[in-house]
Every structure is written in structure tokens, then in C-alpha cells.
Amino acid sequence: MKRTKIRAALEAAGPMDEIVVMGWVRTKRDSKGFSFVELNDGSTLLNIQVVIDHTPEIESVLDRVGTGAAVQISGELVESPGKGQKWEIRGRTIEVFGEADQETFPLQKKRHSDEFLRTIAHLRPRTNKFGAMFRIRSELAQAIHKFFADKGFFYVHTPIVTGSDCEGAGEMFRVTSLEPGADASPDKDFFGKPAQLTVSGQLSAEMFALSLGEVYTFGPTFRAENSNTPRHVAEFWMIEPEMAFADLADDMDLGEEMIKFLITHILDHCPNDVELFAKWVDKGLMLTLENVLQDSFARLPYTEAIDILNKAGKSFEYPVEWGMDLQTEHERFLCEEQFKKPVYVHDYPKSIKPFYMRVNDDGRTVAAMDCLVPRIGELIGGSQREERLDVLLGRMGEMGLSEEDYWWYLDSRRFGSAPHAGFGMGFERMLMLVTGVTNIRDVIPFPRTPNSLEF
Ligand code: 4AD
Ligand code: MG
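Computed from a predicted model, the values in this text were never measured in an experiment. (Residues numbered from 1 in each chain as written. Chains lettered and ligands numbered in written order. Predicted model: local features only at pLDDT ≥ 70, side-chain atom pairs only at ≥ 80, totals over all residues. Heavy atoms only, no water.)

J.: What am I meant to see in the site of ligand 1 here?
T.: Taken together, the neighbourhood of ligand 1 is formed by 24 residues, with E167, Q202, E225, E240 and E378 sitting nearest. One of the backbone N or O atoms of G381 is found 3.4 Å from an oxygen atom in ligand 1. For ligand 1, whose unbound accessible area comes to 620 Å², protein coverage reaches 93%. Listing elements by their share of the shell around ligand 1, those giving two or more residues are β11 (235–244), β15 (377–384) and β16 (420–426). With five residues, the top contributor of residues to the shell around ligand 1 is β15. Each residue belonging to the shell around ligand 1 can be placed in one class, and the counts come to nine nonpolar, seven polar and eight charged. (Near = heavy atom within 4 Å. Polar contact = N/O pair within 3.5 Å; in protein donor to acceptor, adjacent residues only side chain to side chain. Areas by Shrake-Rupley, 256 points an atom, 1.4 Å probe, with all protein chains shown as cover. Helix = DSSP H or I, 4+ residues; strand = E, 2+ residues; numbered from the N terminus. Nonpolar A, V, L, I, M, F, W, Y, C, P; charged D, E, K, R; others polar.)

J.: Mind showing me how you'd approach the domain arrangement of the protein chain here?
T.: By a widespread convention, an interface's size corresponds to the accessible area lost as its parts come together. On domain assignment, one finds that the protein chain holds domain 1 (6–108) and domain 2 (124–442). The C-alpha centroid of domain 2 is placed 45 Å from the C-alpha centroid of domain 1. Facing 10 residues of domain 1, the contacting portion of domain 2 comprises eight residues. In this assembly, domain 1 and domain 2 are joined by zero salt bridges. Along the contact surface separating domain 1 from domain 2 lie three residue pairs in polar contact (both at pLDDT 80 or more). Broken down by class, the residue content of the side of domain 1 that touches domain 2 amounts to five nonpolar, four polar and one charged. (Domains from an automatic or database assignment. Contact = heavy atoms within 4.5 Å. Salt bridge = Lys/Arg side-chain N within 4 Å of Asp/Glu carboxyl O.)

Take a look at the structure:
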């Protein structure tokens, strides 16, 4: 089918005698002798206006056209006399692909709440807001690949099904080929041992960093953590770079450069869609983004962060003491009130971090970093990795991890071990930052959360 996308039509260099557009009707208004149709095909936030004169035949087709119907319109692209748009279409023919019953179509022309739209996640991309969201999401994914490709990083596809728990937090979804009720002993199962959905591609990415130098993985990750918050989903996408011959400072540099690159890219490539969010979702969005771009991120040792929080004179829900993990309220205080820009907190207590992080000389902290950003809290979590075999084995012993399970991981420390570092960025959280959307359920097409698996 020969069609012009509405985005291209609206950007046309001159009028066109013949144009065919296809899309979904946003509104139709009938006047005496002609009708206006606002048409959207998803290629851009903007609708194209079609003016179509009534003939008996056209009128009988227009009777079947309401909000939500899919149609094809042919006509002429002419300069629009109306304000706001340069071009409109003088329609000659209209055909209906699929009608939408006006009594039951859930997306009538009014503003719907996010809560309601979540119940129709299959239709919400047809709204302005979610159309814009998912165009930005696509662009952001492409920008990530561009960022790493330009820097010479290799893209590694790490496995989704795994036998190891990278984070050691026990938040894994089991994968099994066994029928419910069958003998569930692991040797009867597909892999002959317990299998899970990955929580992170890091351990595999480390193997490739210690071979190809600089790599990243970008794929779905899964966590069976029962936390019903606006920042957690059970299935999310993570970007995980890993660099050989790099330390914690290099790791923080890369994260900062990446965040700034991604924001700049989206502002340049999705101006209309971002403007929608700045106008209707978060009036402070542009200021927040400029703020992230302008200045270098603060870098703050965990011990100092605890000090600042203790002296803040605020009553936090979770009391602050050295050794605790920072909660979202603490993270947001640091970047929103104390520093008013993104903050790296680094060198966390060893006791609250996974086995693979490099132990510092003080023996009680590790070379870990979290990047905290306004409105969200933790956007990135990463570390320099423990490259010393003896120290790593000691840590694994302390944490009750078996050497046999990690024999392949330990091989990388036995043969040509080298300093290396990496991090994980939550893709959805990055999208929350660039759009100002406060609930993670609204940045992912079909969110996976406890007790919800509708779509
Ligand atoms: O801090 P996390 O758990 O780090 C890791 O998994 C490391 N293995 C990554 C690495 O070093 N290669 O997760 C990294 C990021 C978090 O900072 C957060 O942005 C995001 O992943 N994240 C989630 N996003 C949405 N829903 C969840 N349940 C998330 N859990 C983590
Ligand atoms: Mg973390």
C-alpha cells in the first residue's frame, strides 16, 4: 500500500496533488456540506487535518467513521488556512479499514487517568501521551546503542535463562519444563539443575569485558521482589556496560557521560513528544533536565552521605545509621535538597553489597557506586569488580556461595585477571527521568507487577 506517513506529510517541502494517508481517527466534526477529520498514524504526536466535502457516497462512509476508526484518505496536500499547522489535506476519497463502536470504544476524546489507562494497556498507545512515551522509548533504546557503538563498545547478548543468582538476593523467577504436580527434583527438569530468569547479565558481561575489552549488554531482566512501588517492576530492561582496565572513577565517568548523552539525544530527536510531557505531565521537566546537563555530578562517599543525612534535621521514616542501605527518601533528599543535582554515592559498606564488588583497603567498604537522580533516586548501580582471586573466594565463603557453582566465573580470576568495572542502568528509570513520569508502570508497554498479568 502506497502511503505517506503523517509525519512526512506535515514536514512536506511543498503542496502535493496526490497523497494517501492511513491512520486512526482522533475526531470528526461535521459541518454543513463538509467534515473535518483529525487523523493520527502514530508516526508523530501531531494529527493531520482533513477537510472533505460531502457527496452522498462520502456521507455514507463518514457515517461509519468515529473516534478510533482506521481509515485511508486520499486527496491533495494544501497549505492550511488554519493556525497551528502548515499543511492539511483536501480529501477526495475515504475508505474504512475498521470501525470503532462509539458506545464501547474506551478512548473517547477526553483526558483519561493513568490508572484507567493501565487497565487498557493494549489500547493506551493510541493516546497522545502514551504514543509520545513509546516513541521516546524506542528512540532512547536506539540512542543507547549509538552511544556505545560510537565509543567502540561491543554489544554482547547475555543469557536470559541462567543457573546463577548474580545479585545473591534470592529474587529469582524459576524456569521449569515440568508439568505442575510432576516430581520436581531438579535432575528431572530440562537442564538437570535449577534454572532461573536472569536478574542481571553482569557476570556474563564480565567474561566478555575480560576478552573484548569494553562491552555492554542491554536486555530484559527479572526480579521476583514483592515491592509494590512506583519504581519497581518484575520485568525491566537493563543496560550493563563492563570495562576491562577500569576503576570506580572510570565507571562513574562513563555513567555521567551516558546520562548526559541520552538526555541530549532525546531533546534533539523527540522535541514534540518531550514538550507534551513538559506541558502536561511535569512542568519542571526542562529545568530538571537542564540541571542534570549543566553541572558535573556530585561524588560523595557513603560515610559522608550518612553524616549529611544525620545532620539534615529531617525526620526520615527509616532511621539513618552507618551500615544501612539508603532508602528512596534518603536518596531523594541527597539529590533534590542537598546537592540539587545528580549524586554518586560511593564506597558502600561491604555487608550490604553483593560478593563481586572490590573490597577497599579499609576492609569494611567496597568500591561500589549508585547514581541518584532527582525524582527517582537510584538510576544506576555499579562497582569496580573484585579481580583478586583470594579476596573473591574469601567473600564468597563469607556469603555462603559455593565455588563449584561459580567455577567459570572464578576462571576469569585464575587466568589473566585484570581490574575491571561496570554498572547497570534501569532503562525504565532513565525513561522516567527524561519524561518526568512518576510511575514506572507508565513507561513500559505491558508492566509486570505483583498480581497482574493481564496482557
Ligand atoms: O542495582 P542493581 O540491582 O545492580 C545490578 O543488578 C548489577 N548487577 C548491575 C551491574 O553492575 N552490571 O540494578 C541496576 C539498576 C538499578 O540502579 C535500577 O535502575 C534498575 O537496575 N532496577 C530496576 N528497575 C526497575 N524495576 C526493578 N525491580 C529494578 N531493580 C533494579
Ligand atoms: Mg542497586
